[in-house]
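Structural overview for review
Spelled out from the first residue to the last, the chains are:
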Amino acid sequence: MKYLPLVLANLGRHKRRTILTIASVALALFLFASLRTVVTTLDAGSRFGGARRLVALNATGLVFPLPLAYANRIKAMPGVHSVSWANWFGGRYGDGKRFFANFAVDPVSYLAMYPEIVIPPDQKQAFLQDRTGALIGKRLLSEFGWKLGQNVTLQGTIFPGDWTFTVRAIYTPTDPAIGDDVLIFHHEYFDERIGRAGIAGWYIVEIDDPSHSPAIAKEIDDAFRNSSSPTKTGTEREFQASFATMWGNVSLLMGTIGLAVVFAILLVTANAMMMSARERTGEVAVLKTIGFSDRLLFGLVMLEAGVLALTGAFLGLGGAKLLYKATNFNAAGFLPGFNVTAATLVLGAAVAVVLMLASGLVPALRAARLPIVQALRHVE
Amino acid sequence: MALVEIRDVYKSFQRDTQKIDVFTDLSLDIASGSFTALMGPSGSGKSTLLNLIAGLDKPTRGTVRVGGADVGAMSAGQLAAWRARNIGFVFQSFNLLPVLTAYQNVELPLLLTNLSKKDRAERVRLALDVVGLSDRADHYPRQLSGGQEQRTAIARAIVADPTLMLLDEPTGQLDAKSSQEVLTLLQRLNNEFNKTIVIVTHDAHAADRAKSVLHLEKGDLIEKAAVA
């Protein structure tokens, strides 16, 4: 600790350079934390799903519906506890700049199947009793200033027309992967408005025993294999993972960009450290003359690099953590549960340590190996 | 009794393809408590001799002993620790660290000791008091005159109470008045505090303050004069 004033004094020698270097490191680690959090959020989403829930969708693709009549047939299968269904709606609100997910569900069976969606009992009752009622995430309430009892009109994109719902209930998710900015409404109302087409986008099947999920999934698919709408059934986790695989290349891209940014900043920091060390060749020689050992000077230069890297890391990683938490960021609904995890902070700190070692090593070795007499000729 | 014993020293440098012999067979004793001026033209080897005594450089052949320690036989780490305990070095261009105050500059050698912060402070105050700069402790080098900077450098050289003080042209960048102040201070350190002082100088006035003067020419000790 007695050397800290010397280290800090050296860093204060070119304040602007020091501040810019710390800002570079902070920005790099802020971006690193942000990009990695995109990846971890996508990953967490892919791992969401109750062990007892299966999802059955059209084998041709998610955009193709299934007949509503499948519900009773699935429910009658052995090992199936309950069945619910949902339909992507794709409506937009206002100018549509703020995207949020909205879909029609069979409310009683759906809410019974998702205890992660927490609703005050009176509001839940009000939602269930109103066919045109909407259940919304608490974020939509704060973002749009909606109130309970207010009418909200969405413009249908897949199913044209103005669709007006009354906000009857507000939910809070206990699992961040669900997201708190979804609008859910009655499938019955949806089906009525589209002319009783009798379609479901996908089925959610609750089973008695998770260990039977492969067998039940096969049984469902076998049952509809020769129909006009064959199914593809899997666990809810597999269903979510199939979405995440669509982001697979994005994850790789994010990781690559993150590493590229950190590497670029490593060069900036290393350059700043080397400039700083070069400028002080004479002073290093003077310190050696006084009796500072090679090892001590190596340590002091590394400590300087450490102060730069760790201060930057503290600002960058801490800034990312606080900013996203304070703003409740979720990328306009695309990344529900966006949160800089402890693992990301630890990894970021490790990156900072690597940054310190990599940027400080060359100037520190240079200082340690500097021949005194030769260096003194520069100053005398 | 000789504090510094230089025996049969041969020192050469390689400059590009040319080998330059600085000393071919130098032997010299410097007594403890002496004040020696080392004079001679540029390139005569004065600074090289000072560097050899300080352990900043090693002889190609021969031995340099200071206080009984064979300086040439020590490793870099041992030399650094030895210098911290035994040598106070003063440069022509002061070489204070510009980012540190006079106090912090003087404290530098004490950071290498196990002294507590309080003891360090006491020693720094004492050293600054000896050089007459107690009231400038919080000033940065840029806020000091040349003479004050050199006195701060002398305070830094004496603060760890070294056995030997080595000064390379300490008055080379000072005006006449400041030079006299510094030389008076060195005389005082020699007379009152019994410091052994070796000073490299071109300045005859500076040499006049020494108790003995050595002349070097092309690496040879050609004259040894005792100053009354």
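This one's a predicted model, so the numbers in the text were calculated from it and none came from an experiment.

1. Here's the deal with the overall build of chain B
Counting its regular elements, chain B contains seven helices and 10 strands. For 228 residues, the compact-globule estimate of 2.2 N^0.38 gives 17 Å, and the C-alpha radius of gyration of chain B, at 17 Å, lies within 12% of that figure. Across its three principal axes, chain B shows a C-alpha extent of roughly 50 × 40 × 40 Å. The proportion of buried residues among the 228 residues of chain B is 54%. Nonlocal contacts in chain B, meaning residues at least 24 apart in sequence, comprise 68% of its contacts between residues at least 6 apart. As displayed, chain B has an accessible area near 10000 Å², and 47% of this comes from carbon and sulfur atoms.

2. Quick word on the overall build of chain A
Within chain A, the regular secondary structure consists of 14 helices and 13 strands. The C-alpha atoms of chain A give a radius of gyration of 29 Å, which is well past the 21 Å a tight globule of 380 residues would have. By principal-axis analysis of the C-alpha atoms, chain A measures approximately 95 × 45 × 35 Å. Scored against the burial criterion, the 380 residues of chain A give a buried share of 49%. Of all intrachain contacts in chain A linking residues separated by at least 6 positions in sequence, the fraction that spans at least 24 positions is 80%. If you sum the accessible surface of chain A, you get close to 17800 Å²; carbon and sulfur atoms cover 64% of it.

3. Let's talk about helix α13 (residues 342-369) of chain A
All names here are of chain A. The first and last C-alpha atoms of α13 sit 39 Å apart over 28 residues, in line with the 40 Å expected at 1.5 Å per residue. Of all the bends in α13, the greatest reaches close to 40° and is centred on Leu361; the proline Pro363 follows between one and four positions later. Within α13, burial applies to Thr344, Gly348, Val351, Ala352, Leu355, Met356, Ser359, Gly360, Pro363, Ala364, Ala367 and Ala368.

4. What about the packing of helix α1 (residues 4-11) of chain A against helix α12 (residues 294-327) of chain A?
All names here are of chain A. Running from amino to carboxyl end, α1 crosses α12 at an angle of 65°, the nearest separation of the two axes being 10 Å. Where α1 crosses over α12, the handedness of that crossing is right-handed. Along the contact surface, α1 presents Leu6, Val7, Leu8, Asn10 and Leu11, while α12 presents Leu300, Leu303, Glu304, Val307 and Leu308. In terms of residue class, the contact of α1 with α12 is made up of eight nonpolar, one polar and one charged.

5. Structural notes on the pairing of strand β10 (residues 183-186) of chain A
Residue and element names in this part refer to chain A. Looking at chain direction, strand β5 (residues 102-105) and β10 are connected through four bridges and run parallel. Opposite Val105, over in β10, you have His186 as the bridge partner. Where strand β7 (residues 133-137) meets β10, three bridges bridge the pair, whose relative direction is antiparallel. Across the sheet, residue Leu135 finds its bridge partner in β10, namely Ile184.

6. Remarks on the confidence of the model for chain B
Per-residue confidence for chain B gives a mean pLDDT of 91; residues scoring 70 or more make up 97%. Element-level mean pLDDT values for chain B span from 67 in strand β10 (residues 220-226) of chain B up to 96 in helix α3 (residues 102-111) of chain B.

7. A closer look at the sheet that holds strand β4 (residues 61-66) of chain B
Residues and elements named next belong to chain B. Reading across the sheet, the four strands line up as β2-β1-β4-β5 and stay open at both edges, with antiparallel pairing between neighbours. Both outer strands of the open sheet, β2 (18-31) and β5 (69-70), are each paired with one neighbouring strand and no more. Relative to β2, strand β1 (residues 2-15) runs antiparallel, the two being bridged by 10 bridges. When the bridges of β2 are listed, Glu5 appears paired with Asp29.

8. Quick word on the environment of A:Pro336
Residue and element names in this part refer to chain A. Of note, Pro336 is situated in the loop between α12 and α13. For the pair formed by Pro336 and Gly156, sequence separation is 180 residues and the distance between their alpha carbons is 23 Å. Setting aside chain neighbours within four positions, we find Pro336 in contact with Thr41, Pro176, Ala177, Ile178, Gly179 and Asn330.

9. So, a nonpolar patch on the surface
All names here are of chain A. Taken together, Trp88, Phe99, Ile158 and Phe334 make up a surface patch of nonpolar side chains, about 380 Å² in accessible area. Here Trp88 lies in strand β3 (residues 80-88). Take Trp88: its relative accessible area is 34%, and that puts it in the partly exposed class.

10. A short note on the pattern of salt bridges
In total, this model carries 25 salt bridges over all chains according to the counting rule given. With a closest N to O distance of 2.9 Å, A:Asp181 and A:Arg98 form a salt bridge. Here A:Asp181 is found in the loop between β9 (161-173) and β10, whereas its partner A:Arg98 is found in the loop between β4 (92-93) and β5, with 83 residues between them in sequence. For the pair shown, A:Asp181 and A:Arg98 are each scored as buried. The residue B:Glu5 makes a salt bridge to B:Arg7 at a minimum N-O spacing of 3.9 Å. Under the relative-accessibility criterion, B:Arg7 is labelled partly exposed at 31%.

11. Some remarks on the interface of chain B and chain A
Frequently, the measure chosen for interface size is the accessible area removed from exposure when the parts meet. Taken together, the contact between chain B and chain A spans 27 residues of the former and 24 residues of the latter. For the chain B and chain A pair, buried surface summed over both sides reaches about 2100 Å², with 67% attributable to carbon and sulfur atoms. It is B:Val99, B:Leu111 and B:Leu112 in chain B that bury the most area against chain A; as a group they hold 24% of the surface buried on that side. Remark: the boundary between chain B and chain A carries zero salt bridges. Counting across the chain B and chain A interface gives five residue pairs in polar contact (both at pLDDT 80 or more). Contributions of two or more residues to the side of chain B that touches chain A are made by α2 (76-86) and α3 of chain B. Take the side of chain B that touches chain A: its biggest share by element is five residues, from α2(B). Its residues assigned to classes, the side of chain B that touches chain A comprises 16 nonpolar, six polar and five charged.

12. Comments concerning the domain arrangement of chain A
Residues and elements named next belong to chain A. You can read the domains of chain A as domain 1 (4-45 + 247-379) and domain 2 (60-229). Its C-alpha centre places domain 1 at a distance of 47 Å from the equivalent point of domain 2. If you look at the interface, domain 1 gives 11 residues, while domain 2 gives nine residues. Between domain 1 and domain 2, roughly 670 Å² of surface is buried when both sides are summed, and carbon and sulfur atoms account for 51% of that area.

13. Remarks on the packing of aromatic side chains
All names here are of chain A. Scanning the model with the defined rule gives 28 aromatic pairs over all chains in all. Between Tyr3 and Phe292 the ring centres are 6.3 Å apart and the planes differ by 70°, which places this aromatic pair in the edge-to-face class. One end of the pair, Tyr3, is in the segment before α1; the other, Phe292, is in the loop between α11 (281-290) and α12, and 289 residues separate them in sequence. Here Tyr3 matches Phe292 in class, with each residue buried. Judged by centre distance (4.9 Å) and plane angle (65°), the ring pair of Tyr93 and Phe144 falls under edge-to-face.

14. What about the side chain of A:Thr21?
In this structure, A:Thr21 sits in helix α2 (residues 15-46). Residue classification places A:Thr21 among the buried residues on the basis of a relative accessible area of 5%.

15. Description of helix α8 (residues 213-223) of chain A
Residue and element names in this part refer to chain A. Buried within α8 are the following residues: Ser213, Ile216, Ala217, Ile220 and Asp221. End-on view of α8: buried residues confined to an arc of 135°, all on one side of the axis. Within α8, the exposed residues directed more than 90 degrees away from the buried face are Pro214, Ala215 and Lys218. On its buried face, α8 is in contact with β1 (53-58), α3 (70-75), β3, β12 (202-207) and β13 (231-235).

So, how was this worked out
Residues numbered from 1 in each chain as written. Chains lettered and ligands numbered in written order. Predicted model: local features only at pLDDT ≥ 70, side-chain atom pairs only at ≥ 80, totals over all residues. Heavy atoms only, no water. Helix = DSSP H or I, 4+ residues; strand = E, 2+ residues; numbered from the N terminus. Rg over C-alpha atoms; globule rule 2.2 N^0.38 Å. Buried < 20%, exposed > 50% of the residue type's maximum accessible area, 1.4 Å probe, protein only. Contact = heavy atoms within 4.5 Å. Areas by Shrake-Rupley, 256 points an atom, 1.4 Å probe, with all protein chains shown as cover. Expected span 1.5 Å × (residues − 1). Bend = angle between axes of the 7 residues up to and from the residue. Axes fitted to C-alpha atoms, helices over the stretch in contact; angles between N-to-C directions. Left-handed = near helix turned anticlockwise from the far one by under 90°. Nonpolar A, V, L, I, M, F, W, Y, C, P; charged D, E, K, R; others polar. Pairing = 2+ DSSP bridges. pLDDT = per-residue confidence, 0-100. Patch = residues over 30% accessible without salt bridge, like charges linked within 9 Å, V, L, I, M, F, W, Y side chains within 5 Å. Salt bridge = Lys/Arg side-chain N within 4 Å of Asp/Glu carboxyl O. Buried area = accessible area lost by both parts, 1.4 Å probe. Polar contact = N/O pair within 3.5 Å; in protein donor to acceptor, adjacent residues only side chain to side chain. Domains from an automatic or database assignment. Phe/Tyr/Trp six-rings, centres within 6.5 Å; stacked < 30°, edge-to-face > 60°. Arc of directions from axis to C-beta.

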